[in-house]
Each structure stands twice: as structure tokens, then as C-alpha cells.
Amino acid sequence: MIKIVSFKICPFVQRVTAMLEAKEMPYEIEYIDLKNKPDWFLEISPVGQVPLLITEEGIPLFESDAIVEYIDEISEALQDGLSPETRAIHRAWSYQASKHYLVQCSTMQSADRNVLNDRISKLDKSFDRAEKRLSDGPYFAGDTVGNADLAWLPLLHRSAIVEKASGYDMLEGFPKVKAWQTALLKTGIAEKSVPEDFVERFSDFYLSERTWLGRGANEDEEDADASNSKSGGCCG
Ligand SMILES: N[C@@H](CCC(=O)N[C@@H](CS)C(=O)NCC(=O)O)C(=O)O
């Protein structure tokens, strides 16, 4: 069986597990501590990052883009009959999502409103592009979930958790993206693609007292010391 080496709140992993779930492919998952990476992982992972997919033949694959392409190649396509051009366009839109995972991570870690405003402007650009590209939905390319939907799912799922906890809606002003988020979350793929304690783990990390969102996104709050705002990567 395929094995995914994972970290519970990693969006790059979620994109991969979302595809496995959407395609109903069986897989095992092993979580590792990124602050204390096991030797067996470092021996087989060229870059020391998750996700890592270990094929049924025991071959380790790295980089989420390459992993989702592999999964797609060994399984039935989610959407039939797409031309090579359309598939290339969907891959490009998937890239528009994955290149913003780290942007969303650092936005959520902002210590105050000012820092968040600054960081969210990049994310806004990507949601704005999606808003202009989306048509009648409910999904990216019509009425079936496809690969581009799965690439955007980590961003949309995390935005929904943030909104529920803090009232802050990263998708405000983007009604089509909002409808897309609702439709995608309704499929249940988002929940299946993360561990049971995901919301708790995610909230501990991104919605703690040290972040503006974690303190309830209070507009009247005085600015904190911006140097407290981590801007680095995801997941610690
Ligand atoms: N380009 C990589 C990014 C993966 C990534 O950044 N993973 C993070 C967790 S979300 C990681 O493993 N961080 C540990 C490290 O960089 O040492 C991919 O698409 O797979």
C-alpha cells in the first residue's frame, strides 16, 4: 500500500491526501516530528520535507507537485476527456494555489492587524485571480471535483477554520471563491484529508494568543511588537 509520511498541519501533505481521498485510493500515513526528524526519513528524503510518498515498490517520492502527478498517473482521472491543454491549464491553476500555502501560513501567524494586512495582500491577489477565473461552479471546472480543486482545498479549508474561530474571513470580497469553498467543504474531502485532531493542532499553532487571529481578530487592538510575527514557513 502507498505510504505517506506526514506532518499533521502541513498544507502540502493535505493536497496529496485530498487527492488520495478524492480518488478513494487506500494509503497508510505516518506522522513525524519535523523538529526531530527520524533517521530513516532523512535517509530516504532528499530534501528532508514532507510530504514523502513511498510507493508500493518502496520507492520514496518527494515534492508535492511530483507526488500528485504520480498519483494521477497511476489512477483513473477525476475528470474524463480533458485535452492536454486543459490539463496544463489546471496544473497552472494548481500551482497558483500551492505557491500561496506558505503565504497563508505566514499571514495566519501575524502578531497584529498591520502585519496581517501587509501579508494578506499577496493572498488577496491569488483569491482575486481565482474569482475572475471561476465560472458557475460549483467546482473549478464545473460539476465534478478535479485536480485544481484539490490544490486549492488546503487554502480554502484553512480559511474556513480561521473564520469560524476568529470571525475573520480571508475570502471577504470574493463571492465566487466563497461559494467554491462551501461546495468543496461539503464534499467531506477536507475532513478526510486531515487527522481527527487537525483543528486542535492547527489552532494551537496558528490561533494561539500570540497571533492577532488567535486573539479574536479584534480591530481595536493596539499593534503588537511586529518582530513577534513569524514570517517563516509552515508548521513550525
Ligand atoms: N516544496 C515542498 C514543500 C514542502 C514543505 O514545505 N513541507 C514542510 C512542512 S509543511 C516541511 O517539511 N518542513 C520541514 C523542513 O523544511 O525542514 C513540497 O511541495 O512538497
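Reading guide: rules and limits
Residues numbered from 1 in each chain as written. Predicted model: local features only at pLDDT ≥ 70, side-chain atom pairs only at ≥ 80, totals over all residues. Heavy atoms only, no water. UniProt positions renumbered as here; feature names shortened; annotations may be inferred. Helix = DSSP H or I, 4+ residues; strand = E, 2+ residues; numbered from the N terminus. Pairing = 2+ DSSP bridges. Axes fitted to C-alpha atoms, helices over the stretch in contact; angles between N-to-C directions. Contact = heavy atoms within 4.5 Å. Salt bridge = Lys/Arg side-chain N within 4 Å of Asp/Glu carboxyl O. Near = heavy atom within 4 Å. Polar contact = N/O pair within 3.5 Å; in protein donor to acceptor, adjacent residues only side chain to side chain. Areas by Shrake-Rupley, 256 points an atom, 1.4 Å probe, with all protein chains shown as cover. Nonpolar A, V, L, I, M, F, W, Y, C, P; charged D, E, K, R; others polar.

Let us look at the UniProt feature "domain: GST C-terminal" (unreviewed entry) in the protein chain. If you check UniProt for "domain: GST C-terminal" (unreviewed entry), the listed places come out as residues 83–205 in our numbering. Counted over residues 83–205, helix gives 72% and strand 0%. Its end C-alpha atoms are 41 Å apart.

This brings us to the sheet that holds strand 4 (residues 60–62). Here we have four strands laid out as an open sheet, ordered 2-1-3-4, and mixed in their pairing. The open sheet is flanked by strand 2 (27–31) and strand 4, the only strands paired with a single partner. In this sheet, adjacent strand axes meet at a mean angle of 25 degrees when their direction is disregarded. One ladder, built from three bridges, connects strand 1 (residues 2–6) with strand 3 (residues 52–54); its direction is antiparallel. Each residue of the ladder has a partner; that of V5, found in strand 3, is L52. Strand contacts of helix 1 (residues 11–22): strand 1 and strand 2, with the helix running at about 155 degrees to strand 1, the strand carrying the most contacts. Taken strand by strand, helix 3 (residues 64–73) contacts strand 3 and strand 4, and its axis lies near 125 degrees from that of strand 4.

Now for the UniProt feature "domain: GST N-terminal" (unreviewed entry) in the protein chain. The UniProt record annotates "domain: GST N-terminal" (unreviewed entry) at residues 1–79. As a span, residues 1–79 carries 35% helix and 20% strand, and end to end its C-alpha atoms are 24 Å apart.

Now for the pattern of salt bridges. Opposite charge on two side chains makes pairing possible when the charged atoms of those side chains draw close. Tallied over the full model, the rule gives nine salt bridges. We note a salt bridge from R113 to E219, for which the minimum N-O separation is 2.5 Å. Of this pair, R113 sits in helix 6 (residues 113–133) while E219 sits in the segment after helix 10 (198–206); the two residues are 106 residues apart in sequence, bridging distant segments of the chain. Among the charged side chains, a network of salt bridges with common partners joins K8, D197 and R201.

Close contacts around the ligand come from C10, F12, L34, K37, G48, Q49, V50, P51, E63, S64, C234 and C235, and that covers them all. One of the side-chain N or O atoms of E63 is found 2.8 Å from a nitrogen atom in the ligand. Alone, the ligand offers 510 Å² of accessible surface; in the complex the protein occludes 79% of this. Taken together, the residues of the shell around the ligand sort by class into seven nonpolar, three polar and two charged.

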